[in-house]
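Now for the letters of each chain:
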Amino acid sequence: MGILRSQLVNMNQHYRRFSLDYFLDCQQRLGIRQIELWCGASHFWLDHEGTGDVPALKQKLLDHDVRVVSVTAPSIAYQYQYASQEPELLEYSFRYFSNAIRLAAQLGADRVVVNSGWGYTGEDESTMWNRCRDHLYRLCRVAEVEGILLVMESLRDDESNLVYDLPRAREMYRQIGHPNLKMMVDNIATGAAGETLEDWFDAFGDDLIHMHFLDGDPWLHNVWGDGNTSLSRQLQIMQAHHFTGYLVQEVADEHYFTDPFSADRRNFQVLERFLAD
């Protein structure tokens, strides 16, 4: 039983109080060669009009022997999200997420993480659901042109009133029905919903290709060793289902933000016990 080294991916959002150069220096020291790029302004600019300097970013990655395998465009608590009610905000969001898709293609990544966003509290559910579905379908068409897969995660029910559990994720996936939409597990969200990896593999099979994979309690985005999730059991389930996707360390709790390098070092020391080449 083991994780292939090629499946482990780190993320940069817990370094948001530090520079991108510092984050990349730390990954080089840790021997981490793959990242999911979180496009926060402190590291790399992304908005509805465009992006930061892509050639400069590519050179930094090359200098540190790090490659981007997936891209995350911050949403939910930000000005862009997938189910904005106002038409102009929804259009800004479409352009923003489209730019993330194009960025992924420019960086040589093959996937972008998406979610359902949220509708207004008290809004008609079918109205906000359809708006989200249609927006994601439009983005799938952009992804198809760029050769990118969109991987959709569920959210906790305190983050979204749209896709916050497996039945809703399955229905959104069915209604969109586009070949460039695949599924992913965020095991903090699925754990908070009382769901297991078996549930998600049973629902999506080979279309489940990506994970945000952390030691939840199940609510917190902990590094491995700080929560109560059985790592060995998770790996057994993945092995039984022949999972070959990426396992992204989305360390997102603020108590890690003051010393993210130490958090990374502890995290990968635990994970490396299960690594296979």
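Residues numbered from 1 in each chain as written. Predicted model: local features only at pLDDT ≥ 70, side-chain atom pairs only at ≥ 80, totals over all residues. Heavy atoms only, no water.

## Focus: the pairing of strand β5 (residues 111-114)
Burial along β5 is two-sided: Arg 111 and Val 113 and Val 112 and Val 114, pointing in opposite directions, are all buried. Of the pairings in the sheet, the one linking strand β4 (residues 67-72) to β5 comprises 3 bridges and is parallel in character. By the bridge assignment for β5, Thr 72 is matched with Val 113. Relative to strand β6 (residues 149-152), β5 is paired through 4 bridges, and the arrangement is parallel. (Buried < 20%, exposed > 50% of the residue type's maximum accessible area, 1.4 Å probe, protein only. Helix = DSSP H or I, 4+ residues; strand = E, 2+ residues; numbered from the N terminus. Pairing = 2+ DSSP bridges.)

## Describing the packing of helix α3 (residues 87-107) against helix α4 (residues 125-146)
One way to put it is that α3 packs onto α4 with a least axis distance of 10 Å and a crossing angle of 30°. The pairing of α3 with α4 is recorded here as roughly parallel in orientation. Handedness of the α3/α4 crossing: right-handed. Across from Leu 90, Glu 91, Ser 93, Phe 94, Phe 97, Ser 98, Ile 101, Arg 102 and Ala 105 in α3, the residues of α4 making contact are Arg 131, His 135, Arg 138, Leu 139, Val 142, Ala 143 and Glu 146. Partitioned by chemical class, the residues of the contact of α3 with α4 number 8 nonpolar, 3 polar and 5 charged. (Axes fitted to C-alpha atoms, helices over the stretch in contact; angles between N-to-C directions. Parallel < 35°, antiparallel > 145°, perpendicular 65-115°, else oblique. Left-handed = near helix turned anticlockwise from the far one by under 90°. Contact = heavy atoms within 4.5 Å. Nonpolar A, V, L, I, M, F, W, Y, C, P; charged D, E, K, R; others polar.)

## Here's the deal with the sheet that holds strand β8 (residues 208-212)
Around the barrel, 8 strands lie side by side as β2-β3-β4-β5-β6-β7-β8-β9; this closed barrel has parallel pairing. Looking at each pair of strands side by side, their axes are set apart by 30° on average, direction ignored. Note that strand β2 (residues 8-11) and strand β9 (residues 246-249) share 3 bridges and pair parallel. Across the sheet, Asn 10 pairs through a bridge with Gln 249, a residue of β9.

## Points about the pairing of β2
Put simply, side chains in a regular strand alternate between the two faces of the sheet. Going residue by residue along β2, you find Leu 8 and Asn 10 tucked away on one face and Val 9 and Met 11 tucked away on the opposite face as well. As paired strands, β2 and strand β3 (residues 34-38) are joined by 2 bridges and run parallel to one another. Bridging across to β3, Met 11 finds its partner in Glu 36. Assessed by its sense of winding, the connection that carries the chain from β2 through helix α1 (residues 20-30) to β3 is right-handed. (Right-handed = clockwise from strand over helix to strand, strands pointing away.)

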